[in-house]
Amino acid sequence: MKTTTCALTAAGLACLLMVSGCTQDDVASFKTARAELAEDGSLADDLFQADITFCRRVGTKTGKRIEAGEEFQIRDGDKYDYVNALIDVANIPADVTHQVHLAWIRPDGRELFRRFGTVTFTTNDEGFLQEVVWMDAEDLHDVQIEDAETVLAPALTLSSRLNVRPDKERDPGIYAMRFYWNRELMLEKTFELLAAD
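All of these numbers come straight from a predicted model, not from anything done at the bench.

K.L.:
Can you lay out the overall build of the protein chain for me, pointing to particular residues and giving the numbers?
P.N.:
A count of helical and extended segments in the protein chain gives two helices and 14 strands. For the protein chain, the residues scored as buried account for 37% of the 197 residues in total. Contacts spanning at least 24 positions in sequence make up 63% of the contacts within the protein chain whose residues lie at least 6 apart. Approximately 11000 Å² of the protein chain is accessible, and the part contributed by carbon and sulfur atoms is 48%.

Put into structure tokens, the structure is as follows:
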């Protein structure tokens, strides 16, 4: 997906940040439904929902999640450089701008780094216009705007990756991805990073 980097004016940024999207009823409904899963372990198809998947790589042509799991070993080689977190979000309330935060948490419980952005699905004749804007955590005027596209349903996959190359000297242990929707923690999922052989 192509991105465009640009600077946002202070007034534009303030406006963007003030539009915080739906009420937190959506997140509360998701959490309640998750606690009361159907007998087959699935959520209702029309419920606003999200799920996190960890994997080593994502196929550039197929989008396939390669080596998905919850344990990853520190190893040499380009294909082992990262652990990717993919957050699939479905049935997103449309015609509102939503804030998203993707935060990596270290084994000691402290935040390692985060991605911050906004997601908007605007209803149109063909379905929904999807717009995603990422902001630099240290300079919110520095933004990356993904190419807007029309999609059939208000759903998307957000991603972030953690560099686990041996030279990064990451501590083995339990790492987590926390997914915040409009500033409320919606999901947290962990994986274990194993020491090199």
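Having seen the model, we can carry on.
K.L.:
Tell me about the layout of surface pockets, and please be specific about residues and values.
P.N.:
Vacant regions in the atomic arrangement are exposed by a probe of water-molecule size rolled over the atoms. Its volume calculated, the second largest pocket comes out at about 200 Å³. Arg115, Trp134, Met135, Asp136 and Gln144 are the residues nearest the centre of the second largest pocket, which is lined by 11 residues in total. Every element with two or more residues in the lining of the second largest pocket is listed here: strand S8 (111-124), strand S9 (127-135) and strand S10 (142-146). Residues belonging to the lining of the second largest pocket are distributed by class as follows: five nonpolar, two polar and four charged.

K.L.:
Before we move on, could you go through unusual backbone geometry and cite the residues and values that matter?
P.N.:
Positive phi outside glycine occurs at glutamate 169, with the angle close to 50°. Phi at asparagine 182 takes a positive value of approximately 50°, unusual for a residue other than glycine. The residue asparagine 182 is located in the loop between strand S13 (173-181) and strand S14 (184-194) in this model. Judged by relative accessible area, which is 9%, asparagine 182 ranks as buried.

K.L.:
Any chance you could break down the confidence of the model for the protein chain for me, citing the residues and the numbers?
P.N.:
Confidence along the protein chain averages 83 in pLDDT terms, with 77% of residues attaining 70 or more. The low-confidence segment residues 1-23, where pLDDT is below 50, has 51 contacts with residues more than four positions distant or belonging to other chains.

K.L.:
Describe a negative patch on the surface, with residues and values.
P.N.:
A grouping of Asp136, Glu138, Asp139 and Asp142 is seen on the molecular surface, where their side chains present a negatively charged patch. In this structure, aspartate 139 sits in the loop between S9 and S10.

K.L.:
Break down the packing of aromatic side chains for me, citing the residues and quoting the values.
P.N.:
What the rule picks out here adds up to eight aromatic pairs. When the ring of phenylalanine 48 is compared with that of tryptophan 181, the centres are 5.0 Å apart and the planes differ by 50°; the resulting orientation is tilted. Here tryptophan 181 lies in strand S13 and phenylalanine 48 lies in the loop between helix H2 (25-35) and strand S2 (49-55), a separation of 133 residues in the sequence. Here phenylalanine 48 falls in the buried class, since its relative accessible area comes to 5%. A relative accessible area of 0% places tryptophan 181 in the buried class.

K.L.:
Tell me about the sheet that holds strand S12 (residues 156-163), residues and numbers included.
P.N.:
Read from one edge of the open sheet, three strands run S2-S6-S12, paired in antiparallel fashion. The two strands at the open ends of the sheet, each matched to only one other strand, are S2 and S12. Going from strand to strand, the sheet's axes swing by 20° on average, the running direction of each strand aside. Strand direction decides the pairing type here: strand S6 (residues 82-90) and S12, joined by eight bridges, are antiparallel. If you follow valine 83 over to S12, its bridge partner there is leucine 162.

K.L.:
Provide a residue-level description of the pattern of salt bridges, including the pertinent values.
P.N.:
Two side chains that carry opposite charge are able to pair once their charged atoms sit near each other. This model, assessed by the stated rule, comprises seven salt bridges. Between glutamate 188 and arginine 178 there is a salt bridge; the shortest N-O distance is 3.1 Å. Note that glutamate 188 is positioned in strand S14 and arginine 178 in strand S13, a separation of 10 residues in sequence. Accessibility expressed as a relative area gives 40% for glutamate 188, which makes it partly exposed. Judged by its relative accessible area of 23%, arginine 178 is partly exposed.

The rules behind each value
Residues numbered from 1 in each chain as written. Predicted model: local features only at pLDDT ≥ 70, side-chain atom pairs only at ≥ 80, totals over all residues. Heavy atoms only, no water. Helix = DSSP H or I, 4+ residues; strand = E, 2+ residues; numbered from the N terminus. Buried < 20%, exposed > 50% of the residue type's maximum accessible area, 1.4 Å probe, protein only. Contact = heavy atoms within 4.5 Å. Areas by Shrake-Rupley, 256 points an atom, 1.4 Å probe, with all protein chains shown as cover. 1 Å grid on protein atoms, 1.4 Å probe; cavity = no way out; pocket = protein on both sides within 12 Å on 5 of 7 lines; lining within 4 Å. Points joined across faces, edges and corners; volume = space filled by probe spheres on them. Nonpolar A, V, L, I, M, F, W, Y, C, P; charged D, E, K, R; others polar. pLDDT = per-residue confidence, 0-100. Patch = residues over 30% accessible without salt bridge, like charges linked within 9 Å, V, L, I, M, F, W, Y side chains within 5 Å. Salt bridge = Lys/Arg side-chain N within 4 Å of Asp/Glu carboxyl O. Lys, Arg positive; Asp, Glu negative; His and termini not counted. Charge placed at Lys NZ, Arg CZ, Asp CG, Glu CD. Phe/Tyr/Trp six-rings, centres within 6.5 Å; stacked < 30°, edge-to-face > 60°. Pairing = 2+ DSSP bridges. Axes fitted to C-alpha atoms, helices over the stretch in contact; angles between N-to-C directions.

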